[in-house]
Amino acid sequence: MKQTFAVAIGGAAGQGVATPGDIFAKIFSRRGLSLNAYNAYQSIIRGGHTLLTIRTGPEPVTNMGDRIDLLIPLNQDTMDRHLKLLRSGAACIFNADTIKPGEAADGVQLCPLPVSELADITRNKVAQNTLAMGAGLHMMGVGFAPLEEALREQFRKKGEAVVAENVGVARAGYDYAAAHFTSFPNPLPKTEKRYAVLSGNIAMAMGGAAAGVKFYCAYPMSPSTGVLHWMAAHARKAGIMVRQVEDEIGVINMAIGAAHAGVRSMCATSGGGFALMSEGLGMSAMIETPVVVINCQRAGPSTGVPTKTEQGDLWQMLGAAFGDYPRAIVAPLDIADCFKVIPEMFNLVDRFQCPGLVLCDLLLSEGRLGVDPKDMDFSPAINRGELILPLDGKEANGNGASAGVATNGGYKRYKFTESGISPRAVPGVPGHTHTVATDEHMEDGVLISDEFTNPIKRRAMMEKRMRKVTGIEAAVPLPTLWEPREADVTLIGWGSTKGVIEEACDILNEEGISANQLQIRWLVPLHGEAILELLKNARHTIIVENNYSGQFARYLRSETSFVPDGNIRKYDGEPFMPHHIVEAVKEQLAGKTHLSVPMHEIMV
Amino acid sequence: MATGVQRATQLTVADLKGKVDPDWCPGCGDFGVLAAIQKALVELQIPNHNVVAISGIGCSSNLPGFINTYGMHTLHGRALAVATGLKLANHELTVLVTGGDGDGFGIGGNHFVHTMRRNVDLLYIVMDNQIYGLTTGQTSPTSRIGMKTKSMPFGNIEAPVNPISLALAAGATFVARGFSGDQKHLTELIKQGIEHKGFSFLDVFSPCVTYNHDNTYQWYRPRVKKLEDDSAYDASDWPMAMEKSLLWGEEIPIGRFFERTDVPSLHAAEPVLNEGPLVRLDPRVPADAARGFIEELM
């Protein structure tokens, strides 16, 4: 078992859960520890219940895990909901003035803080939070200096008096714990590694900047809004035009307009906004102007549960916009991958002049992960494909595109080629004037839709566009089956479930059930033949996904006729925890069921 | 709008002839609008590779196919959104958005309002025939009360939108109305609209000879009165423009209702474009900026 430590902070929205969370994350990552943070919250600005879980350890931590080691309830509600989750060895630090503990399991240490004795609560409204941080860090065996440093950074803008006040309160909590509470047996380790802590949304935004995105626009929608926030805050330094648009229909059309002028253009939304964008995707495909759209899935249908995660939009993505057209769909596997996938997708869609869809979800978008800065490459290869830009040759331009040269009027935007890819000149290039149309058209762009429809020409143009699919398939890496090669059970997942399935496999292997994993990243193209080859000797296959109907299972079956031995699904809005998968695998291997729907024990 | 660089050889109307001839019904008002656009571009001598004509869907939205500039024939109602993105990515281009009243005021109404308040530097020409033509004759947002169409056979009971008042209220910085039956006047308005640095709205009465038997050339001709002929009219006076925009009936004003030049256009207000059009920039983030982005997360 990996050595990890999880701290959970809970309270009402507005009680200040975020700040201690940020400070813990900073202290852990600066000790060279990996971390994963997941915030269970609701669509409310004040009130409700929020539970932030930060799990850390010296080896990569990929998910929230199964165990809370330290619970910090900021109100009675949090105590009532979660104290019962604590197991022997765990501790709970709480404000003894306002919160009554309930029945705790044997071996759980209750740590009441006499808050009004330790701090002036009339002056400091969040004194209980700061005291608890100090106490908690002492119990974890972390010195006071890192906390003092983090508090200084946190409150620097508010002036030295506020800094001193908070450092003093934290110190009181730290010292009180030293005198009254038993520390955890293993102090938090330290390593020489260094991590940046970021959300999937920030990772995708930064990945966009690295990919050379020059235009980003969006309409705010949870859980995608973090991409907009990073882009807006860093627009000027990164040289990116960032616009907030009136609706998602405007977003996709504006993004395509910018792309059509020759820049890399991106937008992000969630399922509802994506639904509004679908007609625009068809335009991107028809006029062959590439655009990248991110869908951060949340629990649907309709408004659904805006602050909860799900993998429920796969079929919407597969079927978005009417008609057949080439598209690419990728589901990033973790937060570091959220960064990497964006330049990859841009190179693909620039080469093949079609829409590219990134299927993320709330778990990655709003979760946080410690990422090795080396995994954030701001100089990835940029391949803009057969693009002709209005450059006069003087620009120091890393576009990898050619400058326009005059033709004798013979330019055909949709020239028939073997690959289906036609050189793309953008407005402003002399000698290449043409009109692109969402109507069906001929090689020169002239419509064949209205006055003279023509089945032979229509067929030829349809086949030209669809020939690009072959190239896209060849350009995308094949899926791989992770070790061990031979296993009692093969777990198949896609996108964000990578980390939790990986940990479930580790646990199963330790418990004597050999397990391996096939995690699908590229959904379109799927490489069905390769998947069948990987699975042909599998003894028992189970598809794990975060939705009701088994959207990926149905998709895999439709593409390959493959039917797994069982399914594990979850659609309560919360992500899988490793034990959900482990227990489900055991009951399925015992022949009890073919479909497991684990119960989420944490009430959030 | 930016008028681009003069080129050595003279641009002629023949240079602007599209690959195919218009497929509009004989007598359609849109012929006059196309001709006026071509004349205006020739008079302004804007190289055709620096012009982009962008439309939505509808009879009039076929226009980009009939003119030899760059063109985009986009989705129903979405031309202004597409045009905004394109202009922001390369603000050296002269952007003309062309379409109909259903496209612009019906399905595209939301983008119409927001593009005006943003003051995007483009000329938006609506060929307003008060009817849906390509779908064979239904009521449009500018159809008058009482007008009988296939979708309202007993007469329209919904009040029409007033595009001029709406544009003035939404903050358009250039608002004008033309008549397809008056080429010379229309060409002049198009030139003014192109040269205006900001959002220019030009609503053009462009009669549908097939489906609208109420608002014909004959109906318009005696009614339209040029604002330019009224020496007391001041196009910098917004309340005066708003009052004039409400006139309808025996006298219908055409011409430049309003213009202000003190509001920066969207691209001029955005410092990210200080280095030049985005399409010309190196897409790479400078190394020190990239380092800074990562360091703030540590």
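Quick caveat: nothing in here was measured; it's all calculated off a predicted structure. (Residues numbered from 1 in each chain as written. Chains lettered and ligands numbered in written order. Predicted model: local features only at pLDDT ≥ 70, side-chain atom pairs only at ≥ 80, totals over all residues.)

Caption draft 1: View of the overall build of chain B. Counting secondary structure elements, chain B contains 10 helices and 8 strands. Taking 19 Å as the expected radius of gyration for a compact globule of 298 residues, we find that chain B reaches 20 Å, a close match to that expectation. Over its C-alpha atoms, taken along the principal directions, chain B stretches across nearly 70 × 45 × 40 Å. Looking at the 298 residues of chain B, the share that counts as buried comes to 54%. Within chain B, residue pairs in contact and separated by at least 24 positions form 71% of the contacts whose partners lie at least 6 positions apart. (Helix = DSSP H or I, 4+ residues; strand = E, 2+ residues; numbered from the N terminus. Rg over C-alpha atoms; globule rule 2.2 N^0.38 Å. Buried ≥ 20, exposed ≤ 12 C-beta atoms within 10 Å, placed from the backbone. Contact = placed C-beta atoms within 7 Å.)

Caption draft 2: Geometry of the overall build of chain A. A tally of regular secondary structure across chain A gives 18 helices and 25 strands. Over its C-alpha trace chain A gives a radius of gyration of 26 Å, about what one expects of a compact globule, namely 25 Å for 604 residues. Here chain A, with 604 residues, has 55% of them falling under the buried criterion. Excluding contacts between residues fewer than 6 apart, the proportion of contacts in chain A whose partners are at least 24 apart in sequence is 72%.

Caption draft 3: Examining the pairing of strand S6 (residues 199-205) of chain B more closely. Residue and element names in this part refer to chain B. For S6, the buried fraction is high: 7 of the 7 residues fall into the buried class. Side chains Phe199, Phe201, Asp203 and Phe205 project from S6 onto one buried face, and the interleaved Ser200, Leu202 and Val204 project onto a second face that is buried too. When strand S4 (residues 122-128) meets S6, the two strands line up parallel, connected through 7 bridges. Within S6, the residue paired with Tyr124 across the bridge is Phe201. Summarising the sheet, strand S5 (residues 174-179) and S6 pair through 6 bridges and their orientation is parallel. Looking across to S6, one finds that Arg177 is bridged to Asp203. Crossover S5 to S6 through helix H6 (residues 183-195) is right-handed. (Pairing = 2+ DSSP bridges. Right-handed = clockwise from strand over helix to strand, strands pointing away.)

Caption draft 4: Here's a closer look at the nonpolar core. If you look at the biggest cluster of nonpolar residues, it comprises 258 residues, and the most contacted ones within it are Phe215(A), Ala255(A), Leu523(A) and Val175(B). Broken down by element, the residue count for this core peaks at 11 residues, all from helix H12 (residues 335-352) of chain A. With sequence-adjacent residues up to four places away left out, Val175(B) is seen in contact with Ile164(B), Ala167(B), Leu168(B), Phe201(B), Ala241(B), Phe257(B) and Phe258(B). (Core = buried A, V, L, I, M, F, W, Y, C linked by C-beta atoms within 7 Å.)

Caption draft 5: Quick peek at helix H8 (residues 225-238) of chain A. All names here are of chain A. Under the 1.5 Å per step criterion, the end-to-end length of H8 is 18 Å for 14 residues, consistent within 8% with the ideal 20 Å. Ala232 marks where H8 bends most, by close to 35°. Buried within H8 we find Gly226, Val227, Leu228, Trp230, Met231, His234 and Ala238. Positive phi appears at Gly239, one or two residues downstream of H8, with a value of about 65°. (Expected span 1.5 Å × (residues − 1). Bend = angle between axes of the 7 residues up to and from the residue.)

Caption draft 6: Quick peek at the sheet that holds strand S6 (residues 109-113) of chain A. All names here are of chain A. Here we have 8 strands laid out as an open sheet, ordered S6-S5-S4-S1-S3-S2-S14-S7, and mixed in their pairing. Here the strands that pair on one side only, and so sit at the sheet edges, are S6 and strand S7 (196-199). Recorded for the sheet is a direction-independent mean angle of 15° between the axes of neighbouring strands. Relative to strand S5 (residues 91-95), strand S4 (residues 70-73) runs parallel, the two being bridged by 2 bridges. Paired with Leu71 across the two strands is Cys92, which belongs to S5. Most of the contacts of H12 go to strand S14 (residues 368-371), to which it runs at about 75°, and overall it touches S7 and S14. (Axes fitted to C-alpha atoms, helices over the stretch in contact; angles between N-to-C directions.)

Caption draft 7: Highlighting the environment of Gly48(A). Residue and element names in this part refer to chain A. Position of Gly48 among the secondary structure elements: in strand S3 (residues 47-57). For Gly48, a count of 16 C-beta atoms within 10 Å translates into the label partly exposed. In this structure, the C-alpha to C-alpha distance between Gly48 and Gly16, residues 32 residues apart in sequence, is 13 Å. For Gly48, the residues in contact, after removing those within four places along its chain, are Ala12, Ala13 and Gln42.

Caption draft 8: Region of interest: the sheet that holds strand S21 (residues 515-520) of chain A. Residue and element names in this part refer to chain A. The sheet built from 6 strands is open, its strands ordered S19-S21-S20-S23-S24-S25 with mixed pairing. Of all strands in the sheet, those with a lone pairing partner are strand S19 (481-482) and strand S25 (595-596), marking the two edges. Here S19 pairs with S21 via 2 bridges, running antiparallel. Pairing of Trp482 across the sheet is with Gln517, part of S21. Each of strand S20 (489-494), strand S23 (541-545) and strand S24 (566-569) is contacted by helix H17 (residues 551-560), which is oriented at about 130° to S23, the strand it contacts most.

Caption draft 9: Fine view of unusual backbone geometry. A cis amide bond links Ser222(A) to the next residue, Pro223(A), at an omega of 0°. In this structure, Pro223(A) sits in the loop between strand S8 (213-218) and H8. For the bond running from Val524(A) to Pro525(A), omega is 0°, close enough to zero to count as cis. Note that Pro525(A) resides in the loop between strand S22 (522-524) and helix H16 (528-535). Positive phi, close to 60°, is recorded for Glu288(A), a residue that is not glycine. Within the fold, Glu288(A) resides in the loop between helix H10 (271-287) and strand S11 (291-297). Its identity is not glycine, yet Gln130(B) carries a phi of approximately 60°, on the positive side. Assignment of secondary structure puts Gln130(B) in the loop between S4 and helix H5 (163-170). Residue class for Gln130(B) comes out buried when judged on the 25 C-beta atoms lying within 10 Å of it.

Caption draft 10: Summary view of the packing of helix H9 (residues 248-260) of chain A against H10(A). All names here are of chain A. At their nearest, the axes of H9 and H10 sit 7 Å apart, and the two run at 30° to each other. Considered as vectors, H9 and H10 are oriented roughly parallel to each other. In terms of crossing hand, the pair formed by H9 and H10 is right-handed. Contacts between H9 and H10 pair Glu248, Ile249, Val251, Ile252, Asn253 and Ile256 from the former with Gly273, Leu276, Met277, Gly280, Leu281, Met283 and Ser284 from the latter. Split by residue class, the contact of H9 with H10 holds 8 nonpolar, 4 polar and 1 charged. (Parallel < 35°, antiparallel > 145°, perpendicular 65-115°, else oblique. Left-handed = near helix turned anticlockwise from the far one by under 90°. Nonpolar A, V, L, I, M, F, W, Y, C, P; charged D, E, K, R; others polar.)

Caption draft 11: Structural context of the interface of chain B and chain A. Listed per partner, the contact involves 49 residues of chain B and 65 residues of chain A. Counting only elements with at least two residues in the side of chain B that touches chain A, the list comes to strand S2 (70-73), helix H2 (79-89), helix H4 (109-118) and helix H10 (287-295) of chain B. Here the side of chain B that touches chain A is built from residues that sort into 26 nonpolar, 15 polar and 8 charged. Relative to S2(B), strand S18 (residues 435-437) of chain A is paired through 3 bridges, and the arrangement is parallel. Residue Ala437(A) lies in a different strand from S2(B), and its bridge partner there is His73(B).

Caption draft 12: How the structure looks around the domain arrangement of chain A. Residues and elements named next belong to chain A. As assigned here, chain A comprises domain 1 (5-180), domain 2 (198-375), domain 3 (384-476) and domain 4 (481-596). On a C-alpha basis, the centres of domain 1 and domain 2 stand 34 Å from each other. Domain 1 puts 12 residues into the contact, and the matching count from domain 2 is 8 residues. Broken down by secondary-structure element, the contributors of at least two residues to the side of domain 1 that touches domain 2 are helix H1 (18-30) and strand S2 (34-40). Here the side of domain 1 that touches domain 2 takes 6 residues from S2, the largest share from any one element. By residue class, the composition of the side of domain 1 that touches domain 2 is 5 nonpolar, 7 polar and no charged. (Domains from an automatic or database assignment.)

Caption draft 13: Structural detail: the packing of H1(A) against helix H5 (residues 145-155) of chain A. All names here are of chain A. Two numbers describe how H1 lies on H5: the axes approach to 10 Å, and their chain directions differ by 130°. The angle between H1 and H5 places the two elements in the oblique class. Here H1 runs over H5; the crossing is right-handed. Where H1 abuts H5, its residues Thr19, Ile23, Lys26, Ile27 and Arg30 lie against Pro146, Leu147, Ala150 and Gln154. Here the contact of H1 with H5 is composed, by residue class, of 5 nonpolar, 2 polar and 2 charged.

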